[in-house]
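Geometric and topological summary
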Amino acid sequence: MKRFRVTLLAVCLLLAWLGYNDLSLLIRNREPQQLSITALETQGPAQEWLQISGGYQDLMQAINMSGTMEIDSFLVPLKRSADTPDISAWFETRDPQIVELLKTYYFKLDTDLAREKFLQENQEFIHGQRDVQGMTADNLVADSNREKLKELLQGMNLEVSDNVVFISEGKEPTALRGFFFAAVAIIGLIKLGMGFRSSNNVPKVVTDSES
């Protein structure tokens, strides 16, 4: 019974911690922070939910993030201008237009001539201006993933600044999960407390030997 209570306590504390993280994230991010790509470079983000305007995507440097043959996401650089080599942010996107364009370019065109023609026809979109809204994160798991992404980019001989920002496009804070975790944790702790009180109130049975 004691082992069960310890396990239940650990689970409740974990859920409470997860709930606190989600709810504090929601409190910090009631609205997306509006930033230009230049302000992002010079000031950095003040919160996790961002709306970045004035950036230019570079689809020719996009990286497949799916990890499988079913490609459904890419990590795309976001620059302050179409021709600058500096990259201030990367955004992970599942935009069907981007995914289909890159799959066509890399897997459906058989000749260099066809690929060159395809690039010319889609040049405006490939290096076009793009506003990006999404989430970064600042917990330990996110920091670990951020370092792995930086190592991946550096392994591909891409320069990565220390303050580079990685954004999950379309992601936003949600309240439901945080409230659920917090509610379950509170209910579990209440039940644990009631069970502990009940066990303490059980009358001790006096045996013949003790009397």
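Scroll up for the structure.
Residues numbered from 1 in each chain as written. Predicted model: local features only at pLDDT ≥ 70, side-chain atom pairs only at ≥ 80, totals over all residues. Heavy atoms only, no water.

1. With respect to the packing of aromatic side chains
Here is the rule we go by: Centres within 6.5 Å make a pair out of two Phe, Tyr or Trp rings, where for Trp the six-membered ring is used; the pair is then stacked when the planes are under 30 degrees apart, edge-to-face when over 60, and tilted otherwise. Buried, partly exposed and exposed residues are distinguished by accessible area as a fraction of the type maximum, computed with a 1.4 Å probe on protein chains only: under 20%, between the cut-offs, and over 50%, respectively.
Tallied over the full model, the rule gives 3 aromatic pairs. Plain terms: the ring middles of Y105 and Y106 are 4.9 Å apart, the flat faces sit at 80° to each other, and that makes the pair edge-to-face. A relative accessible area of 14% places Y105 in the buried class. Between F180 and F181, the ring centres sit 6.0 Å apart and the planes meet at 50°, which makes this aromatic pair tilted. Through successive ring pairs, a cluster of aromatic residues spans Y105, Y106 and F118.

2. A few points about the environment of L14
Here is the rule: Runs of H or I in DSSP of at least four residues are treated as helices and runs of E of at least two as strands, each being numbered from the N terminus.
Structurally, the position occupied by L14 is in helix α1 (residues 2–28). Between the alpha carbons of L14 and A182 there is a distance of 9.8 Å; along the sequence they are 168 residues apart.

3. Thoughts on the layout of surface pockets
Rules: As defined here, a cavity is a set of points on a 1 Å grid over the protein atoms alone where a 1.4 Å probe fits but cannot get out. A pocket is an open set with protein on both sides within 12 Å along at least five of seven lines, and residues line them when an atom is within 4 Å of a point. Grid points are joined across faces, edges and corners, and a volume is the space filled by probe spheres set on the points. For this scheme, ten residues count as nonpolar: Ala, Val, Leu, Ile, Met, Phe, Trp, Tyr, Cys and Pro. Four count as charged, namely Asp, Glu, Lys and Arg, and the remainder, Gly too, count as polar.
What the second largest pocket holds in volume is close to 160 Å³. Taken together, Q61, P85, D86, I87, L158, E159 and S161 make up the lining of the second largest pocket. The residue makeup of the lining of the second largest pocket, split by class, is 3 nonpolar, 2 polar and 2 charged.

Interpretation in functional terms is not warranted from these geometric data alone.
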